[in-house]
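Understanding the architecture of this molecule
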Amino acid sequence: MEILWFVFAMLMIVFIVGPYIRRRRGGIRLVAPGSPDAADPANYGFDRQEELDIRVPGPDQDLMDALDNVQRTGQWQAASQLLAGTPREGERRWQRVQAFGGAAALELVAQPGVGAQWLKAWRLEAEKDPGGAQVHAELLVQQAWRHSGGVGSEDHRIILEEAREACRRAALLAPGDPVPYITELAIARGLAYPEAEFDELWAKVIDRAPEHMGAHLAALHYWGAQWHGSREKADAFAHAAAARAPQGSLLAALPMFALRENQPDIVLSPSFYRSAVVTRAVEGALYAVHTARQDDPMVAHVRHLLMMFLVCMERWAEAMEQVRHVDGYVGALPWSEADDPAAVYAVYRAMAVAGYEANGGSPATLPG
């Protein structure tokens, strides 16, 4: 029991006083809150913790404008127009459907029974609109996973069953669109589809979007040991996808996400982050972000997880490079798994700043 209490105490130190990290050449150590020696991310122009956007992994002004419009006016047309103008074969449509579904889910939590009236009106007034059908299916998925009483509860199963039917109705409205099938991947995990049924669903996804990074991340969860696969199956899935990835594809980063999927909640040995398997996965992810199109909306997802690994590996300059690209947004793994994504991200960011400065870095030396 003593070791468990020790680990708990260390985690409390990291999450409560983590931002107050002093930089010192050759190493970093904690100092008292308010100390003038505390590493300050604001010196680099980074956003304050309370300003971090937990909804999305990176900037999407068109999405933010549409979200603001529907929530301010209660009218759904701005959301419909945005999705209608978003190509169905790319990553951005899936991300935008997720964002609208998530916004509706949060509204319903804040105002049970009366929130998200814009989405209800959308479905009633334009039931043949594929965008509205997809957002409704995503809403149900997010309700099941976040607000249903937990995995294994009766409410969780019932909502996922309803979501499955919503996905299938959405698929009929836009047969070539991969989004309804990608959304169903989360349902397959929650309802424990047999492998043969999951493979059939996955075939529909890759037939429509063979290089879709978001779809691969959703499928990876199914194959993880904590769900319906194993460490070996998750690794095999990730490495097979990376091996067949064309030049410029972010699928080369998938083994890093498989590591995260299989990683224990608490890593007690720092040697884990110095292992060859971690190094190879991180190098593959760095290669992916350097060769991918920088306007690919999934680049931010890869950079967020890269930042966490690079901080743990004490590769401070490379960690700061990821912060420079993603700061301001925390709607991605690993932060989105936490109850307070902004707080957890802020801790890792403070560690990156402190480590960078401990090794001679400064705002002046960080590339612009």
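Residues numbered from 1 in each chain as written. Predicted model: local features only at pLDDT ≥ 70, side-chain atom pairs only at ≥ 80, totals over all residues. Heavy atoms only, no water.

Re the environment of Glu232
The cut-off we apply is this: By definition, any uninterrupted DSSP run of H or I lasting at least four residues is a helix, any uninterrupted run of E lasting at least two residues is a strand, and each is numbered from the N terminus.
The topology assignment puts Glu232 in helix H11 (residues 231-243). In this structure the C-alpha to C-alpha distance between Glu232 and Ala258, which are 26 residues apart in sequence, comes to 9.8 Å.

Some points on the pattern of salt bridges
Where we set the bar: Put simply, a salt bridge is a Lys or Arg side-chain nitrogen that is within 4 Å of an Asp or Glu carboxyl oxygen. Exposure categories follow from relative accessible area, calculated using a 1.4 Å probe and restricted to protein chains: below 20% of the type maximum is buried, above 50% is exposed, and the middle band is partly exposed.
Enumeration according to the criterion identifies 18 salt bridges in this entry. One salt bridge connects Glu154 with Arg157, and the closest N-O pair in it is separated by 2.5 Å. Separated by three residues within a single helix, Glu154 and Arg157 lie in helix H7 (residues 154-173), roughly one turn from each other. Residue Glu154 is classed as partly exposed on the basis of its relative accessible area of 46%.

Re the layout of surface pockets
Basically, it comes down to this: As defined here, a cavity is a set of points on a 1 Å grid over the protein atoms alone where a 1.4 Å probe fits but cannot get out. A pocket is an open set with protein on both sides within 12 Å along at least five of seven lines, and residues line them when an atom is within 4 Å of a point. Grid points are joined across faces, edges and corners, and a volume is the space filled by probe spheres set on the points. Residues are grouped as follows: Ala, Val, Leu, Ile, Met, Phe, Trp, Tyr, Cys and Pro are nonpolar; Asp, Glu, Lys and Arg are charged; all remaining types, including Gly, are polar.
Of the pockets and cavities examined, the second largest pocket occupies roughly 350 Å³. Considering the residues around the second largest pocket, the lining is formed by 21 residues, among which Gly90, Glu91, Glu211, Arg293 and Asp296 are closest to the centre. Residues that form the lining of the second largest pocket fall into these classes: nine nonpolar, five polar and seven charged.

Observations concerning the packing of helix H5 (residues 117-125) against helix H6 (residues 130-147)
This is how the line gets drawn: Every angle, taken between N-to-C directions, lies between 0 and 180 degrees, and every axis is a line fitted to C-alpha atoms, over only the stretch in contact when it is a helix. For classification, angles of less than 35 degrees are called roughly parallel, those exceeding 145 degrees roughly antiparallel, those between 65 and 115 degrees roughly perpendicular, and all remaining angles oblique. Note: crossing handedness is left-handed where the near helix turns anticlockwise from the far helix by less than a right angle, and right-handed where it turns clockwise. The criterion used for residue contact is that any of the two residues' heavy atoms lie within 4.5 Å.
Contact pair H5 / H6: the axes reach a minimum separation of 9 Å and the direction vectors enclose 135°. The angle between H5 and H6 falls in the class oblique. Where H5 crosses over H6, the handedness of that crossing is left-handed. Note on element contacts: H6 touches H5 through Gly131, Gly132, Ala133, Val135, His136 and Leu139, opposite Leu119, Trp122 and Arg123.

Description of the environment of Ala103
Relative to the assigned elements, Ala103 resides in helix H4 (residues 91-110). Take Ala103: its relative accessible area is 11%, and that puts it in the buried class. Remark: the alpha-carbon pair of Ala103 and Val135, spanning 32 residues in sequence, is separated by 10.0 Å. For Ala103, the contacting residues outside a window of four places in its chain are Leu67 and Gln71.

Some thoughts on the side chain of Arg303
Using the following cut-off: Only four residue types enter the tally: Lys and Arg on the positive side, Asp and Glu on the negative side, with His and both chain ends excluded.
Positionally, Arg303 belongs in helix H14 (residues 299-312). Glu321 provides the closest opposite charge to the buried, unpaired Arg303, separated from it by 5.0 Å. Leave out the neighbours within four places in its chain, and Arg303 touches Val289, Gln294, Gln322, His325 and Val326.

Overview of the nonpolar core
Our working definition: Residues belong to one nonpolar core when they are buried, are Ala, Val, Leu, Ile, Met, Phe, Trp, Tyr or Cys, and are joined through side-chain atoms within 4.5 Å.
Formed by 110 residues in total, the largest nonpolar core has its most connected members in Phe100, Met213, Met256, Val302 and Phe309. Ranked by residues supplied to this core, first place goes to H14 with nine residues. Setting aside residues no more than four positions away along its own chain, Phe100 makes contact with Leu63, Ala66, Leu67, Ala79, Leu82, Leu83, Trp118 and Val135.

Observations concerning the packing of helix H8 (residues 179-190) against helix H9 (residues 195-208)
Across the interface, H8 lies against H9 with an axial gap of 9 Å and an inter-helix angle of 155°. By the angle between their axes, H8 is roughly antiparallel relative to H9. Pair H8 / H9 crosses with left-handed handedness. Contacts from Tyr181, Ile182, Glu184, Leu185 and Ala188 of H8 reach H9 at Phe198, Leu201, Trp202, Lys204, Val205 and Arg208. Of the residues contributing to the contact of H8 with H9, the split by class is eight nonpolar, no polar and three charged.

Examining the packing of aromatic side chains
Keep this limit in mind: To pair, rings of Phe, Tyr and Trp, with the six-membered ring standing in for Trp, must have centres within 6.5 Å; the planes then decide the type, stacked if under 30 degrees apart, edge-to-face if over 60, and tilted in the middle. The rule is short: NZ of Lys or CZ of Arg within 6 Å of the ring centre and within 35 degrees of the ring normal puts a charge over the ring.
Tallied over the full model, the rule gives 14 aromatic pairs. Geometrically, the ring pair formed by Trp335 and Tyr345 is edge-to-face, given 5.4 Å between the ring centres and 80° between the ring planes. Placement of the pair is Trp335 in the loop between helix H15 (316-326) and helix H16 (341-358) and Tyr345 in helix H16, with a sequence separation of 10 residues. Members of the aromatic cluster, connected to one another through ring pairs, are Trp76, Phe100, Trp118 and Trp122. A cation over an aromatic ring shows up here: Arg189 above the ring of Trp145, its NZ or CZ 4.4 Å from the ring centre. Residue placement shows Arg189 over the ring face of Trp227; its charged tip is 5.0 Å from the ring centre.

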